[in-house]
Number of protein chains: 4
Amino acid sequence: MARGEFTFFHRLRVRYAEVDAQGVVFNAHYLTYFDVAHTEYMRAAGYDYTGEVARTGQDFHLVKSVVEYRQPILFDQLVDVWVRLARVGRTSLTNLFEIHAADADDLLASGETVMVCADMATHRPVPVMPALLEAMRRIEGSRFPGGD
Amino acid sequence: MARGEFTFFHRLRVRYAEVDAQGVVFNAHYLTYFDVAHTEYMRAAGYDYTGEVARTGQDFHLVKSVVEYRQPILFDQLVDVWVRLARVGRTSLTNLFEIHAADADDLLASGETVMVCADMATHRPVPVMPALLEAMRRIEGSRFPGGD
Amino acid sequence: MARGEFTFFHRLRVRYAEVDAQGVVFNAHYLTYFDVAHTEYMRAAGYDYTGEVARTGQDFHLVKSVVEYRQPILFDQLVDVWVRLARVGRTSLTNLFEIHAADADDLLASGETVMVCADMATHRPVPVMPALLEAMRRIEGSRFPGGD
Amino acid sequence: MARGEFTFFHRLRVRYAEVDAQGVVFNAHYLTYFDVAHTEYMRAAGYDYTGEVARTGQDFHLVKSVVEYRQPILFDQLVDVWVRLARVGRTSLTNLFEIHAADADDLLASGETVMVCADMATHRPVPVMPALLEAMRRIEGSRFPGGD
């Protein structure tokens, strides 16, 4: 996928705590990077995640994650974690991620997460929250899945 | 997949450090659980991972990971992480994982990792190390991919 | 402090996710090891931590931690994390920790934590829970601070 | 200690992966925050940490850490981690840390680390590297321990 299909990235610097004995980021931390970038993506879209969880009692459950590790990511490296919305289901959202070296074209990793919206009290799936859909339309514009 | 197709599991207890504000294991830690279980799986197979890396200069690179989150895993819960070898390529190995509540049938999560064997000096792929194949045949027995 | 002053240890094996680019356990994870060992110490003392938190609405806040790093701890190393109660205040408990190589005398690290008992609703300190004191007396025996 | 005695801080935002079931940052991660801030402090001082380790074969070993937890730190909170050099020994450096809510006076935590400079090949202590001392004088100015 061309990076041009993404509208948002979050830049972060690799912490010493995140590299392993091979001197590269340990594989589990890629999912933390995706999570951090997704939080910033919602903020950039104007979605008040913490406030909405408190207001509606609805949150996400991650149901699937995929990471493809392409090139090692090193201690102290600056990387950009790109996020986009790929699919919207009745109760689920699929996001795509790419990690690139900052200010470079190198694709270091890519991945996908699938989240289900759920009522925190019953743990039952609920339709994707309207305020969230609205925010995703705002940030994705013409890239919103299904088109405008 | 039936748990009967697995020969090995590693039991662990969820740490307080691993649960998030929802009171469940944070998604990235599932990959750490897979990694811990895979290390024990190699040990059970009689493969001296650390010694072989030092002896041969060859190690694994993870190239892909998939996790499917099925039920929440809770603080202090005892879980069994099952591991099996699913495919053997010329330079790669694919492992499957399932996390079950200890002594129960509940499938809490499943997943897959693909590793490529590589020379640590050149970072180039190398054929799967013979000592590792031998160990995998030992632990998998008739379940070894392709059969015996 | 002589290890003989401790009555309890929890054995754990260092995970690959916990070592850094120097090949040794990253400094923050020692506190996670202390936390894991303290959880097991309470369990060994017969204190139902999760149940008591739910029943009383009282939990601990950590207010201070100290770690002294003496020798590196390596990937895959088996270590014993020893725990003991050192001081009991009106609303606080001080625990001491030592990490030793399994089945060896090598002192790898030592440390201390101070916890304050608190009401989770008001976040105010409360007297150390009687059931917890009782459990600590049980496991420490004649080593209980102040003596019996 | 007044925050005025510090010249440097690093701002970071609390990750969802870092909060526990109480909804606050898990205690071990404070040491990771200190480590991240210390890395940025060295960068701000003009010390090329990675380059110098490669060039000299000398690095730090942490020998002691202390954290005092004063107020809970919450998910998504922006915090400033202040760093300063407190003492210089022949082979060791002591740093002080304070974590404040961003743009506020609230002291959330404070702490201290003691590092020993060591030769990575022999693991023996070595005198504090001259290039590091020089960098510390640069960033601390008149606050450099012992004064100028």
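Residues numbered from 1 in each chain as written. Chains lettered and ligands numbered in written order. Predicted model: local features only at pLDDT ≥ 70, side-chain atom pairs only at ≥ 80, totals over all residues. Heavy atoms only, no water.

## Digging into the relation of the copies chain A and chain B
Once chain A is rotated about the relating axis by 180° and shifted along it by 0.0 Å, it coincides with chain B to within an RMSD of 0.0 Å. The two molecules are tied by a two-fold rotation axis, judged by turn and shift. The rotation axis passes nearest to the C-alpha of A:Val66 in chain A, at a distance of 2.2 Å. Mapped onto chain B, 100% of the interface residues of chain A are again interface residues, and the two copies thus contact each other with one and the same surface. (Least-squares fit on C-alpha atoms with pLDDT ≥ 70 in both. Contact = heavy atoms within 4.5 Å.)

## What to know about the nonpolar core
Among the nonpolar cores identified, the biggest contains 176 residues, and A:Ile99, B:Ile99, C:Ile99 and D:Ile99 are the most heavily contacted of them. What B:Ile99 contacts, discounting residues up to four positions off in sequence, is B:Tyr30, B:Tyr33, B:Phe34, B:Ile73, B:Val79, B:Asp80, B:Val81, B:Asp106, B:Leu107, B:Leu108 and B:Ala109. (Core = buried A, V, L, I, M, F, W, Y, C linked by side-chain atoms within 4.5 Å. Buried < 20%, exposed > 50% of the residue type's maximum accessible area, 1.4 Å probe, protein only.)

## Quick word on the sheet that holds strand β2 (residues 58-69) of chain C
If you trace the 10 strands from one edge of the open sheet to the other, you get β1(C)-β3(C)-β4(C)-β5(C)-β2(C)-β2(D)-β5(D)-β4(D)-β3(D)-β1(D), paired in antiparallel fashion. Only two strands of the sheet have a single neighbouring strand rather than two, namely β1 (8-13) of chain C together with β1 (8-13) of chain D. Geometrically, the sheet is characterised by an average inter-axis angle of 25° between neighbouring strands, direction not taken into account. In this structure, β1(C) lies alongside strand β3 (residues 78-88) of chain C, joined through 6 bridges in antiparallel fashion. Of the residues in β3(C), the one forming a bridge with C:Arg13 is C:Leu78. With respect to the sheet, helix α3 (residues 130-140) of chain C is in contact with β1, β2, β3 and β4 (92-101) of chain C, its orientation differing from that of β3(C) by roughly 120°. (Pairing = 2+ DSSP bridges. Helix = DSSP H or I, 4+ residues; strand = E, 2+ residues; numbered from the N terminus. Axes fitted to C-alpha atoms, helices over the stretch in contact; angles between N-to-C directions.)

## Regarding the packing of aromatic side chains
Scanning the model with the defined rule gives 40 aromatic pairs over all chains in all. Between the aromatic rings of B:Tyr16 and B:Phe75, the centroid separation amounts to 5.2 Å while the plane-to-plane angle is 85°, which identifies the pairing as edge-to-face. In this pair, B:Tyr16 sits in the loop between β1 (8-13) and α1 (29-44) while B:Phe75 sits in the loop between β2 (58-69) and β3 (78-88), placing the two residues 59 residues apart along the sequence. Like B:Phe75, B:Tyr16 is buried. Between C:Phe9 and C:Trp82, the ring centres sit 4.8 Å apart and the planes meet at 40°, which makes this aromatic pair tilted. Separated by 73 residues along the polypeptide, C:Phe9 in strand β1 and C:Trp82 in strand β3 bring together distant segments of the chain. By relative accessible area, which is 33% here, C:Phe9 ends up partly exposed. Judged by its relative accessible area of 12%, C:Trp82 is buried. Members of the aromatic cluster, connected to one another through ring pairs, are A:Tyr16, A:Phe75, C:Phe26, D:Tyr49 and D:Phe60. (Phe/Tyr/Trp six-rings, centres within 6.5 Å; stacked < 30°, edge-to-face > 60°.)

## Comments concerning the interface of chain A and chain B
Every contact between the two is made by 19 residues of chain A and, on the other side, 19 residues of chain B. Across the chain A to chain B interface the summed buried area is about 1,600 Å²; carbon plus sulfur atoms make up 53%. The tally of links from chain A across to chain B stands at 0 salt bridges. Applying the counting rule to chain A against chain B returns 10 residue pairs in polar contact (both at pLDDT 80 or more). Only α1 (29-44) and β2 (58-69) of chain A provide two or more residues apiece to the side of chain A that touches chain B. Residue contributions to the side of chain A that touches chain B peak at 11 residues, all from β2(A). Taken together, the residues that form the side of chain A that touches chain B break down as 10 nonpolar, 5 polar and 4 charged. Relative to β2(B), β2(A) runs antiparallel, the two sharing 5 bridges. (Buried area = accessible area lost by both parts, 1.4 Å probe. Salt bridge = Lys/Arg side-chain N within 4 Å of Asp/Glu carboxyl O. Polar contact = N/O pair within 3.5 Å; in protein donor to acceptor, adjacent residues only side chain to side chain. Nonpolar A, V, L, I, M, F, W, Y, C, P; charged D, E, K, R; others polar.)

## As for the packing of α1(A) against helix α3 (residues 130-140) of chain A
Residue and element names in this part refer to chain A. Following both chains from N to C, one finds α1 and α3 inclined at 90°, their axes separated by 9 Å at the closest point. Classed by the angle they form, the pair α1 and α3 counts as roughly perpendicular. Mapping the contact onto sequence places Tyr41, Met42 and Ala44 in α1 and Leu132, Met136, Ile139 and Glu140 in α3. Along the lines of polarity and charge, the residues of the contact of α1 with α3 split into 6 nonpolar, no polar and 1 charged. (Parallel < 35°, antiparallel > 145°, perpendicular 65-115°, else oblique.)

## Considerations on the environment of C:Ala131
Of note, C:Ala131 is situated in helix α3. A sequence separation of 79 residues divides C:Ala131 from C:Glu52, and the C-alpha atoms of the two residues are 8.5 Å apart.

## Examining the relation of the copies chain B and chain D
Superposition of the two copies of the chain requires a rotation about an axis and a shift along the axis. When chain B is fitted to chain D, the best match, at an RMSD of 0.0 Å, comes from turning it 180° and sliding it 0.0 Å along the axis. Interface overlap between copies is the fraction of interface residues in one copy that are interface residues in the other; for chain B against chain D it reaches 100%, indicating a shared surface.

## A short note on the interface of chain B and chain D
At the junction of the two partners, chain B supplies 8 residues and chain D supplies 8 residues. Interface area for chain B against chain D, summed over the two sides, is near 760 Å², with a carbon-plus-sulfur share of 64%. Where chain B touches chain D, the interface holds 0 salt bridges. Residue classes in the side of chain B that touches chain D are distributed as 5 nonpolar, 2 polar and 1 charged.

## Considering the confidence of the model for chain A
For chain A, mean pLDDT is 94; residues scoring 70 or higher make up 96% of the total. For this predicted complex, the interface confidence reaches an ipTM of 0.94, while the overall pTM sits at 0.96. (pLDDT = per-residue confidence, 0-100.)

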